[in-house]
Amino acid sequence: MIRFAPLVTKRLVRQPLRTLLTVVGVAVAMFLYCVVEATQAGVTRATAVVAGDSVLVVYRENRYCPFTSRLPQHYQPRIAQIPGVAHVVPMKILVSNCRASLDVVTFRGVPEQDFLETTLPDFEIVAGSAEAWSHRSDAALVGDALASRRGIKVGDRFSAAGITVYVAAIGRTDELQSRNAAYTHLAFLQEAAQRGGTGGVVTQFNVTVSDPERLDAIAQAIDAEFAADSEPTFTQPEKAFVGRAATDVVEIVGFARWLGWGALAAVFALVANAIVLAINERVREYAILETLGFTGATIAGLIVAEGALLGLLGGGAGAVGAFALLSLQTYSVSMEGVHVEVSAGPSLLLSGLVASIVLSVLAGAVPALRVARGDLAGAFRT
Amino acid sequence: MSFVECRALERTYTRGDNTITPLRALDLEIEQGTFLALMGPSGSGKTTLLNLLAGIDRPSSGELRIDGQEITTLSRAALARWRSVAVGYVFQLYHLVPVLTAYENVELPLLLHDLSRKERHRRTALTLELVGLADRHDHYPRQLSGGQEQRVAIARALVTDPQLILADEPTGDLDAEAAKGIMTLLAALHRDLGKTLVMVTHDPKTATFADLTLHLEKGRLVSPATVGADAPAEGGA
Ligand SMILES: Nc1ncnc2c1ncn2[C@@H]1O[C@H](COP(=O)(O)OP(=O)(O)OP(=O)(O)O)[C@@H](O)[C@H]1O
Ligand SMILES: [Mg+2]
């Protein structure tokens, strides 16, 4: 079969316009598909609770926005004494934009001791230092995703949501929400925010449990503890919390999935169209090949190979393009102070390539069979 | 045993209620090394017969043996493989592959043979030289004249060295000058290489290049059924 490969490649090279148009069409469709898939994967990663998740978020009951969720900081010891709770970090959240948008800055104010004991160990400090954070009251530890998105460097001062912080450190972490946040001193945020800014009020508590298996049970225990208080709580696993806060985003992305399937259909249609048109033009040419002694199977192979190559070129370009775009720059859709990251891994690249090859082989298969079974002598009579 | 043997060969087409029989109970023997011209009015079944001989069409009934091989029972794929060694076909409209150069068109049938690249090159170049196109290797069909295209097509039919060459009005689309060149070439293949040639033509002048001419009318031969290189000539020559 290798001997026949030049027959396929020569055709593609010597009809450059047709090849280019098909490849570009497939590339655009595949690019779209990959971006939609990456977004969907980002939503799943941010919102699907998986075994081993051990963080609960305690929020004010019936509140959905960081501006309106207010809980007394003195809940902290009461949560801490509930069996199974490992750490409790009170957190004041301040966001630059509460609605869904790209590039939102989320500040998380936490008490210094909780920061050092609980938050810091999740980070690998890549610039600056924890000491610098401790020294300054307006210091911030900036997550790597936020830092790279905003081009933030240690020593910078940066402003968002009406406050200005000093960048004391930049930290790398796998924790999705932490990567996209800037950690400040709790008191600083409480004062600077001013909105309901009396000390002693926080937005939420982040609770780490010692046994992930008991995540739900502990959440219920926390809510039961405060049910009779003036500020009742609603406690959820962190990712479920993100899912609730970012409902709109989740829904839009779910809808966008149709766009992704549509893009795949476009890949299929483009390759099928290119092949079918070509075949109609070349019915006689294939009849000549068969007259020369090429079997139907070989001819069908040539047709399928041509489709597969078009799909591979276009799909490859589209998938690589999407991969490059999303790995050079991390996009993050945020709302209510939570983040959904859109990023691409090698598996996206691979699935895009596989999808385009499979679809283009399918697109070529039907016309290939038709040619292989068509009326040979009749092909010369048209 | 003759090189080509047709026994009660028949081809019918059914279109709805109509049945067309372009070829009717045809008996024909052709000896090896014969150059046979087939003439007859339009629609008399000339192309149909040629296609049956090439195995690109199948008879509705009858037997057809070529070089001892009964080809009516072969599968479509087996027929293709058989053609790649046994038959060269030349079309009226040349039918070169437009995206391939003259050289690549001629090399095409050799891809089906287990040959080294070097050997393929040797045979391709030799055959192009034989048809007088040694200097046109890299030309695409659209860059060649009709006569040159037909030479390339003849080279392509010849390159695998088949015993049987079939040509359907090979000069039908050419002017007198180019036609003469093509006929001289075909006659030389017959004379120097001993190929068996069956050629369809409308033109009596073209037919004079053949050893023998047979006439088809309404799917029947109107000349003696046995013709051979040393049988008495009936038409033409
Ligand atoms: N696939 C087909 N379906 C129906 N009828 C056909 C088919 N192929 C050929 N015929 C008929 O068979 C008859 C003989 O056709 P053929 O092409 O063999 O004639 P011919 O002698 O080569 O004519 P010409 O000199 O015009 O090329 C014609 O009447 C033609 O219409
Ligand atoms: Mg004809």
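Shown above is the structure to which this text applies.
Residues numbered from 1 in each chain as written. Chains lettered and ligands numbered in written order. Predicted model: local features only at pLDDT ≥ 70, side-chain atom pairs only at ≥ 80, totals over all residues. Heavy atoms only, no water.

K.L.:
Got a minute to help me understand the overall build of chain A in this structure?
P.N.:
Along the backbone of chain A there are 14 helices and 15 strands. Computed over its C-alpha atoms, the radius of gyration of chain A comes to 28 Å, more than 25% above the 21 Å expected for a compact globule of 382 residues. The principal-axis extent of the C-alpha atoms belonging to chain A is close to 90 × 45 × 30 Å. A total of about 16,400 Å² of accessible surface is found on chain A, and carbon and sulfur atoms cover 61% of it. The distance from the centre of the 30 positive side-chain charges to the centre of the 33 negative ones in chain A is 13 Å. (Helix = DSSP H or I, 4+ residues; strand = E, 2+ residues; numbered from the N terminus. Rg over C-alpha atoms; globule rule 2.2 N^0.38 Å. Areas by Shrake-Rupley, 256 points an atom, 1.4 Å probe, with all protein chains shown as cover. Lys, Arg positive; Asp, Glu negative; His and termini not counted. Charge placed at Lys NZ, Arg CZ, Asp CG, Glu CD.)

K.L.:
Looking at this structure, I do not really get the pattern of salt bridges. What am I missing?
P.N.:
Pairing between side chains of opposite charge can happen when their charged atoms approach one another. The full count for this structure, using the stated rule, is 28 salt bridges over all chains. For glutamate 104 of chain B, the salt bridge is made with arginine 14 of chain A, and the minimal N-O distance between the two is 2.6 Å. With glutamate 104 of chain B in helix α3 (residues 102–107) and arginine 14 of chain A in helix α1 (residues 5–14), the pair connects residues from two separate chains. Salt-bridge contacts for glutamate 231 of chain A lead to arginine 60 of chain A; the nearest nitrogen and oxygen are separated by 2.7 Å. (Salt bridge = Lys/Arg side-chain N within 4 Å of Asp/Glu carboxyl O.)

K.L.:
Can you help me understand the interface of chain B and chain A in this one?
P.N.:
Bring the parts together and some accessible area is lost; that lost area is often taken as the interface size. Taken together, the contact pairs 29 residues of chain B with 25 residues of chain A. The largest contributions to the chain B side of the interface with chain A come from Arg76, Val99 and Leu111 of chain B, which together make up 25% of the buried area. At the junction of chain B with chain A, the criterion picks out three salt bridges. Taken together, the links from chain B to chain A amount to 13 residue pairs in polar contact (both at pLDDT 80 or more). If you list the elements that add at least two residues to the side of chain B that touches chain A, you get α1 (46–54) and α2 (76–86) of chain B. Per-class residue counts for the side of chain B that touches chain A are 14 nonpolar, seven polar and eight charged. (Contact = heavy atoms within 4.5 Å. Buried area = accessible area lost by both parts, 1.4 Å probe. Polar contact = N/O pair within 3.5 Å; in protein donor to acceptor, adjacent residues only side chain to side chain. Nonpolar A, V, L, I, M, F, W, Y, C, P; charged D, E, K, R; others polar.)

K.L.:
Teacher, can you tell me more about the pairing of strand β2 (residues 18–30) of chain B here?
P.N.:
Along any regular strand the residues' side chains alternate between the sheet's two faces. All names here are of chain B. Two elements, strand β1 (residues 4–15) and β2, share eight bridges in a ladder whose sense is antiparallel. Counted as the bridge partner of cysteine 6 is leucine 28 from β2. The turn linking β1 back onto β2 is made up of two residues, and glycine 16 within it adopts a positive phi angle of 60 degrees. (Pairing = 2+ DSSP bridges.)

K.L.:
Please clarify how the packing of helix α11 (residues 247–292) of chain A against α2 of chain B should be interpreted in this entry.
P.N.:
The relative placement of two packed helices comes down to the angle between their axes together with the axis-to-axis distance. Look at α11 of chain A against α2 of chain B: their axes get within 7 Å of each other, and the N-to-C directions meet at 70 degrees. The pairing of α11 of chain A with α2 of chain B is recorded here as roughly perpendicular in orientation. Along its contact with α11 of chain A, which presents Glu290, Thr291 and Leu292 of chain A, the element α2 of chain B presents Arg76, Ala80, Arg83 and Ser84 of chain B. Of the residues assigned to the contact of α11 of chain A with α2 of chain B, the class counts are two nonpolar, two polar and three charged. (Axes fitted to C-alpha atoms, helices over the stretch in contact; angles between N-to-C directions. Parallel < 35°, antiparallel > 145°, perpendicular 65-115°, else oblique.)

K.L.:
Would you take a moment to explain α1 of chain A for this structure?
P.N.:
Every α-helix carries 3.6 residues per turn, so stepping three or four residues along brings you back to the same face. Residue and element names in this part refer to chain A. Of the residues making up α1, those classed as buried are Leu7, Val8, Arg11 and Leu12. Looking straight down α1, one finds its buried side chains confined to an arc of 125 degrees; they lie on one side. Its buried side turned inward, α1 meets α2 (16–47), α11 and α12 (296–328). (Buried < 20%, exposed > 50% of the residue type's maximum accessible area, 1.4 Å probe, protein only. Arc of directions from axis to C-beta.)

K.L.:
Mind showing me how you'd approach the nonpolar core here?
P.N.:
A general trend in soluble globular proteins is that nonpolar side chains are found buried together. If you look at the biggest cluster of nonpolar residues, it comprises 80 residues, and the most contacted ones within it are Leu49, Leu53, Leu64, Leu108, Leu166 and Val198 of chain B. The greatest single-element share of this core, amounting to 12 residues, is contributed by α11 of chain A. Each residue touching leucine 108 of chain B, except ones within four places of it in the same chain, is listed here: Leu7, Leu289, Leu292 and Phe294 of chain A together with Val97 and Leu100 of chain B. Among the nonpolar cores identified, the runner-up in size contains 35 residues, and Ala37, Val106, Leu133 and Ala155 of chain B belong to it. (Core = buried A, V, L, I, M, F, W, Y, C linked by side-chain atoms within 4.5 Å.)

K.L.:
Can you help me understand the site of ligand 1 in this one?
P.N.:
Around ligand 1, 15 residues are found, and the nearest of them are Arg381 of chain A together with Ser42, Lys46, Thr47 and Thr48 of chain B. Close to ligand 1, residues of chains A and B are found. Note that an oxygen atom of ligand 1 is positioned 3.0 Å from one of the backbone N or O atoms of glycine 45 of chain B. One of the side-chain nitrogen or oxygen atoms of lysine 46 of chain B is found 2.7 Å away from an oxygen atom of ligand 1. Contributions of two or more residues to the shell around ligand 1 are made by β1, β2 and α1 of chain B. Ranked by residues supplied to the shell around ligand 1, first place goes to α1 of chain B with three residues. Taken together, the residues of the shell around ligand 1 break down into four nonpolar, seven polar and four charged. (Near = heavy atom within 4 Å.)

Keep in mind these values describe shape, not function.
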